[in-house]
Amino acid sequence: MVIHVPSGDPGDERGTLLSFVEAQRGALRRSVLGLGREQAVSRPSASELTLGGLLKHVAEVELNWLRLAQQQENERARTPETWGEAFVLQDGESVEETLEFWAGIAAETEEFIRAVPSMDDTFPLPETPWFPKGERVSMRWFLVHLVEEFGRHAGHADIVRESLDGQTAFALVALEQEAAEAKAAGAA
């Protein structure tokens, strides 16, 4: 089964980049399809990564980059002491709430990107040892970076999910399509 990101209007750079970001979000969301909390927080491989933790991490990553692009303070900023908590669903946190939180951030990202005057507009990278001092990046860079970040973690999620129950990414796409068709048939 082929997963295709539609090109839409060939001149719509924003739309194309947002579509690729959304495609990677979809891969991560599908990784928890049909799982309960116990499976979503389990570690079926040598890695410390869990599917619930990956979802939480990418939601917080998107929020962080969005706030940097907006040049606003991140209300969920992590400290070196709390950084590891971004990869773990804590007691009281659920997959559903994490997905809902991420959906809100995704909508905010799209609204922000559609409103910026130019994809060439820039914002400063944070002062960290891994970024060049005084570096600025464009809105285009921001979206491409999200594709990179989400794609990397979607691959992690594929491995974790397959280790859990043998479900592959393509099987999850089919499962998602079947669920959507059943929902549409029930609504008709």
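Residues numbered from 1 in each chain as written. Predicted model: local features only at pLDDT ≥ 70, side-chain atom pairs only at ≥ 80, totals over all residues. Heavy atoms only, no water.

Engineer: Can you help me understand the overall build of the protein in this one?
Structural biologist: Helix and strand counts for the protein stand at six helices and two strands. What you see for the protein is a C-alpha radius of gyration of 17 Å, in line with the 16 Å of a compact globule of 188 residues. By its C-alpha atoms, the protein is 45 × 45 × 25 Å across when sized along the principal axes. Residues classed as buried in the protein amount to 38% of the 188 residues present. Within the protein, residue pairs in contact and separated by at least 24 positions form 71% of the contacts whose partners lie at least 6 positions apart. Approximately 10600 Å² of the protein is accessible, and the part contributed by carbon and sulfur atoms is 54%. (Helix = DSSP H or I, 4+ residues; strand = E, 2+ residues; numbered from the N terminus. Rg over C-alpha atoms; globule rule 2.2 N^0.38 Å. Buried < 20%, exposed > 50% of the residue type's maximum accessible area, 1.4 Å probe, protein only. Contact = heavy atoms within 4.5 Å. Areas by Shrake-Rupley, 256 points an atom, 1.4 Å probe, with all protein chains shown as cover.)

Engineer: I would appreciate a short explanation of the pattern of salt bridges in the present structure.
Structural biologist: For side chains of opposite charge, pairing can occur when their charged atoms come near one another. Scanning the model with the defined rule gives 14 salt bridges in all. For Arg29, the salt bridge is made with Glu22, and the minimal N-O distance between the two is 2.4 Å. Among the residues examined, Arg29 registers a relative accessible area of 31% and is labelled partly exposed. Residue Glu108 is joined to Arg67 by a salt bridge in which the shortest nitrogen-to-oxygen separation is 2.6 Å. (Salt bridge = Lys/Arg side-chain N within 4 Å of Asp/Glu carboxyl O.)

Engineer: Would you mind going over the packing of aromatic side chains with me for this structure?
Structural biologist: In this description, a pair of aromatic rings is defined by centroid distance and the angle of the planes. Counted according to the given criterion, the structure contains six aromatic pairs. Measuring from centroid to centroid gives 6.0 Å for Trp65 and Phe131, while their planes differ by 80°, and the two rings are edge-to-face. Note that Trp65 is positioned in helix α3 (residues 51-70) and Phe131 in the loop between β1 (122-124) and β2 (136-138), a separation of 66 residues in sequence. Assigned by exposure class, Trp65 and Phe131 land together as buried. Of the aromatic side chains, those joined through ring pairs into one cluster are Trp65, Phe123, Phe131, Trp141 and Phe142. The ring centre of Phe101 lies 3.7 Å from the NZ or CZ of Arg76, which sits over that ring. (Phe/Tyr/Trp six-rings, centres within 6.5 Å; stacked < 30°, edge-to-face > 60°. Lys NZ or Arg CZ within 6 Å of the ring centre and 35° of its normal.)

Engineer: Even after reading the chapter, I still don't get the environment of Arg76, so can you show me in this structure?
Structural biologist: Here Arg76 is to be found in the loop between α3 and α4 (95-115). Contacts of Arg76, omitting those with residues within four sequence positions, involve Glu60, Leu63 and Phe101.

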